[in-house]
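Analysis of the macromolecular model
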Amino acid sequence: MSEGIGARVKRKEDKRFITGKGRYTDDIRMENQAYAAFVRSPHAHARVTGIDRAAAEAMEGVIAVLTGPELVADKIGNLICGWAITSKDGSGMKMGPWSALATDKVRYAGDAVAVVIAETPAAARLAAEAVAVDYAELPAVVFADRALDPGAPQVHDVAPGNLIYDWEIGDAGATDAAIAGAHHVTRMEITNNRLSPNPMEPRSAVATFDEAEDHYTLYTTSQNPHVARLVLSAFYNVAPEHKLRVIAPDVGGGFGSKIYIYPEEIVCLWASMKTKRSVKWTADRSEAFLTDAHGRDHVSTATMGFDKSGRITGFKVETIANLGAYMSLFSSCVPTYLYATLLSGQYDIANIHANVKAVYTNTVPVDAYRGAGRPEACYLIERMMETAAREMGMNPADLRRKNFITSFPHQTPVIMAYDAGDFDGNLDKALKAADVAGFPARKAEAARRGKLRGIGYSCYIEACGIAPSAAVGSLGAGVGLWESAEVRVNPVGTIEVLTGSHSHGQGHETTFAQVVADRFGLPIGNVQIVHGDTDKVQFGMGTYGSRSGAVGISAIVKALDKVEAKVRKIAAHVLEAAEADLVIEGGAVKVAGTDRQMAWHEVGLAAYTAHNLPAGMEPGLKEGAFYDPVNFTFPAGAYIAEVEVDPATGVTEVVRFTAADDFGTIINPMIVEGQVHGGVAQGIGQALLEEVVYADDGQLLTGSYMDYAMPRADDVPFYTIEHNTTVCPNNPLGLKGCGEAGAIGAPPAVINAITDAIGTNDLAMPATPQRVWRAIQAARPAIAAE
Amino acid sequence: MAQVSMTVNGKAVKRSVPDTTLLSEFLREHLRLTGTHVGCDTSQCGACVVHVDGRAVKSCTMLAAGADGASVVTIEGLAKDGALHPMQTAFNDNHGLQCGFCTPGMIMSGVDMVARYKAEGRELTEAAIRHELEGNICRCTGYHNIVKSIQDAAARM
Ligand code: FES
Ligand code: FES
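Residues numbered from 1 in each chain as written. Chains lettered and ligands numbered in written order. Predicted model: local features only at pLDDT ≥ 70, side-chain atom pairs only at ≥ 80, totals over all residues. Heavy atoms only, no water.

1. Some points on the overall build of chain A
To be explicit about the condition: Runs of E in the DSSP output that reach at least two residues are strands. Runs of H or I that reach at least four are helices, and both are numbered from the N terminus. Our radius of gyration looks at C-alpha atoms and nothing else; its globule reference is 2.2 Å times the residue count to the power 0.38. Burial classes: relative accessible area under 20% of the type maximum marks a residue as buried, over 50% as exposed, and values in between as partly exposed (1.4 Å probe, protein chains only). Contacts were defined at the residue level, with two residues in contact if any of their heavy atoms lie within 4.5 Å. Note that accessible areas follow from Shrake-Rupley with a 1.4 Å probe, and for residues the cover is restricted to the protein chains shown. Residues scored as charged are limited to Lys and Arg (positive) and Asp and Glu (negative), so that His and the chain ends carry no count. Charge placement uses NZ in Lys and CZ in Arg. For Asp and Glu, CG and CD serve respectively.
Check the secondary structure of chain A and you find 20 helices and 28 strands. Relative to a compact globule of 786 residues, whose C-alpha radius of gyration would be 28 Å, chain A shows 27 Å and is just as compact. Principal-axis analysis of the C-alpha atoms places the extent of chain A at approximately 90 × 75 × 55 Å. Looking at chain A as a whole, 65% of its 786 residues qualify as buried. Put simply, of all contacts in chain A between residues at least 6 apart along the chain, 80% involve residues at least 24 apart. With an accessible surface of roughly 25,700 Å², chain A has 52% of that area assigned to carbon and sulfur atoms. Charge centroids of chain A, computed over 69 positive and 92 negative side chains, lie 2 Å from each other.

Okay, here's the thing in structure tokens:
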């Protein structure tokens, strides 16, 4: 069987994971390792008036108790947000100070105040309990839609009224006019629930300071170790870049939450220098709920105007985005450039205007979570479309079709230039695979069992790759969003690929190897993918935003181009043939139409022995490349959910789920389908189960798996997955990305299906049995009375 | 301190550990068998599942001292003489894992459930597998291929 592009190759990396030989950060143990435990604020908002550490310091096994003022004295910098957003009045965003250990004030329950370093984890925890912190409690502000209230408690002095920025995109006047003149107007208040990413591996860090070399090593649960090193050195001043090695070994899922550099990593590095010990910290799940960046948390009002035929004339959105107590690394771009720029959806809309107010609250920082901004946009548009169709008495699929963009490239009024797509084709495939034609019969059958069956659609589009660098730079990004790769052909012909992408479940060790195997006709077993270590890979931007394929693999392809060019020159020289006559296939370089050839390993050997190279050629066979895309990529698809609701209990079951996606070229369909499965399950989780809940005083009520409902195996069905491929014209292999689609497309499909089943448009996520039951009571008193 | 002796993956082990040492901690920190994972602190996620005297147990909910005298099998002990257990093979064949963090617990639970249903002569249906996985959380796979893996392994075991 082929192992090249398009083949369902089994994963190379599985062996270590199925035998228990994976190596995650918490599995690492250094010589002379000590353990960190953090002292965290029990209050959502308070002044720190005193810290008494004498009792803790006296406890057995305690090495040090460290606090914020010492951190500041050592010139460790504040945590920063790396994407500058400008308000509509031209003012900059208001970034409040975030010290890795609080100095004067705590701003959310869980904010770190001090750290204990001890000989054992138990000793560290016990001593952390014994650190006596005096707090002067302050009133807290918790909810997005209360943060801007006059008189709301102030989270940061630099942000009066808790307003971080007041940003807009699109033409307000034209959009208002288009809606005012519309034949039909649909208006909805929509909340996007707050979620906890919950990768199954909790965050962890092991920091080691080598006094002799003045050098630091950090093992950490990161999606982007090079970005971590850059930020830790350039902004947090922990160590200069050449004196800091960051290693992200096997990482147990990320979903966005492991992009950021958190206080704990900073403190472990700093504490390792202070104590001259390796310092390890691993979050328990409670700590993860309390400190991992959350996702979503938008409150929006959306208004959409339609003409008589059902064509959208204008779309206006007002959103308040809760960013929590501090601005996390990429938090500012999520509700702006990753959200409002996607408000055109798959539709040709001439007039769009969005206003986004980002606010501080006394809650955990909010940042990107699988999809990041795009799920929020998709949820708004797709709920609006379904609701509008119902209001206008149209079939929801037909209303979408009527508005689909059908020619490409297409410039939306909100920055994005869609490069390719086939939205009708996606929907056709989904309708067929979901057997929508058979739905009435299934609904009737369900009714005989006393169940309300509903069907819901969602046509999503996302922008992936998060690039090009110059474009994101002009929009405020503090980094370039390219990717790098290096391809090393060894003298024996085996190949190592060093990539700046990072795999934390995505299967890069297999798919990246497939790309190389495909190029030269080699077995994937001869290709090793190296990633996740700043000492091995020179630089990279990491993995998030479905960018490893479109950007990471494109960098590898660019490096392969250079390798191939040199291989051709060497082979042409050795075989005394013209380069144009050479073909590379089956692991050999052949002179077309003859039996003359060089085996792949012979080329490698020739490059390294350098006995017979073309005049002036350098020995060796190793090439690097940086790839900076010319545009985002635009995966899109059509999802159809079918649910059954028990009207007596409000319990919803997703009985069918169909996804028809256009991801461009697919390298390994098995892995791509797995990505969709996982994304859809997270989307179903958001729609039915998951919600971070804070009490009015800022106490986190969903602090464990007993309170925060994760999707389990019996909450989800088998999924039906279809592909409809239009290649991306802007990268060498035509890749678009697949990692986030499920989480973006699924929530509106599920909610649209439930609201179809119960006959209301008014239902919030998560659609818990209680919410659904109440909605049924409100909407259909006849059923309730039965 | 507690004196703990048990058989782990066929080898007799003996350690003196603090009384409060959990079995998960004993395996990971004292025996350095780090294939057993810890994903929560409320006994919900199942990343820590091992077999104690032939039954699936969440090792984070049991004291090491409670397993004194027991025979424990962890993910590292499932393959015999280099030959993968059919459940391990099925997870690879069916792409039943992504990040791999939940995988050891999933595989150990899977082996246990197939064996139990076989012993009781019950059919391990899709619904039964999903129900049995109540105590194992996976954030990556959406469960689709985990269920397929267990179905596949059940046919092979
Ligand atoms: S660690 Fe044992 S159930 Fe989660
Ligand atoms: S494979 Fe990542 S949690 Fe299951």
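2. Points about unusual backbone geometry
All names here are of chain A. The residue after phenylalanine 408, namely proline 409, is reached through a cis peptide bond having omega 0°. In this fold, proline 409 is placed in the loop between α10 (396-403) and β16 (410-411). Of note, lysine 276 is a non-glycine position whose phi angle comes to about 55°, a positive value. Tracing the backbone through its elements, the reader meets lysine 276 in the loop between α7 (263-275) and β12 (278-282). A positive phi angle, close to 45°, is found at aspartate 435, a residue other than glycine. Counting through the fold element by element, aspartate 435 comes out in the loop between α11 (423-433) and α12 (439-448). A relative accessible area of 34% means that aspartate 435 is categorised as partly exposed.

3. Describing the domain arrangement of chain B
Residue and element names in this part refer to chain B. Heads up, the condition is: Segmentation of the chain into domains, including their bounds, is taken from an automatic or database domain assignment. Once two parts are brought into contact, the accessible area they lose, counted with a 1.4 Å probe and summed over both, makes up the buried area. A pairing counts as a salt bridge when a side-chain nitrogen of Lys or Arg comes within 4 Å of a carboxyl oxygen of Asp or Glu. Under the grouping applied here, Gly and all other residues not named as nonpolar or charged are polar, the nonpolar ones being Ala, Val, Leu, Ile, Met, Phe, Trp, Tyr, Cys and Pro and the charged ones Asp, Glu, Lys and Arg.
Parsing chain B into structural domains produces domain 1 (2-77) and domain 2 (86-156). The distance between the C-alpha centroids of domain 1 and domain 2 comes to 21 Å. Between domain 1 and domain 2, the contact holds 18 residues from the first and 13 residues from the second. Area buried by domain 1 at its contact with domain 2 is led by His37, His51 and Ile75, which between them contribute 42% of it. Applying the counting criterion to the domain 1 and domain 2 interface returns zero salt bridges. Residue composition of the side of domain 1 that touches domain 2, grouped by class: eight nonpolar, eight polar and two charged.

4. A word on the sheet that holds strand β25 (residues 622-627) of chain A
Residues and elements named next belong to chain A. Condition: Whether two strands pair depends on DSSP finding at least two bridges between them. Between N-to-C directions, angles cover 0 to 180 degrees, with each direction set by a line fitted to C-alpha atoms, over the stretch in contact for helices.
In spatial order, the strands read β21-β20-β19-β25; together these four strands make up an open sheet with mixed pairing. The sheet is open, and its two borders are formed by β21 (527-530) and β25, each paired with just one other strand. Each strand of the sheet is rotated relative to its neighbour by a mean of 15°, with strand direction disregarded. Looking at chain direction, strand β19 (residues 483-489) and strand β20 (residues 495-499) are connected through five bridges and run antiparallel. Across the sheet, the residue bridging to alanine 485 is threonine 499, located in β20.

5. A few points about the nonpolar core
Our working definition: We call a set of buried residues a nonpolar core when its members are Ala, Val, Leu, Ile, Met, Phe, Trp, Tyr or Cys and they connect through side-chain atoms within 4.5 Å of each other.
Ranked by size, the top nonpolar core spans 221 residues in total, and within it Leu232, Tyr236, Phe315, Leu343, Phe657 and Ile754 of chain A together with Ile150 of chain B carry the most contacts. Tallying contributions element by element places helix α18 (residues 741-758) of chain A first for this core, with 10 residues. For isoleucine 150 of chain B, the contacting residues outside a window of four places in its chain are Met87, Phe91, Gly110, Met113, Val114, Leu124, Ile129 and Leu133 of chain B. Listed in part, the 48 residues of the second largest apolar core include Ala7, Ala550, Leu613 and Ala625 of chain A.

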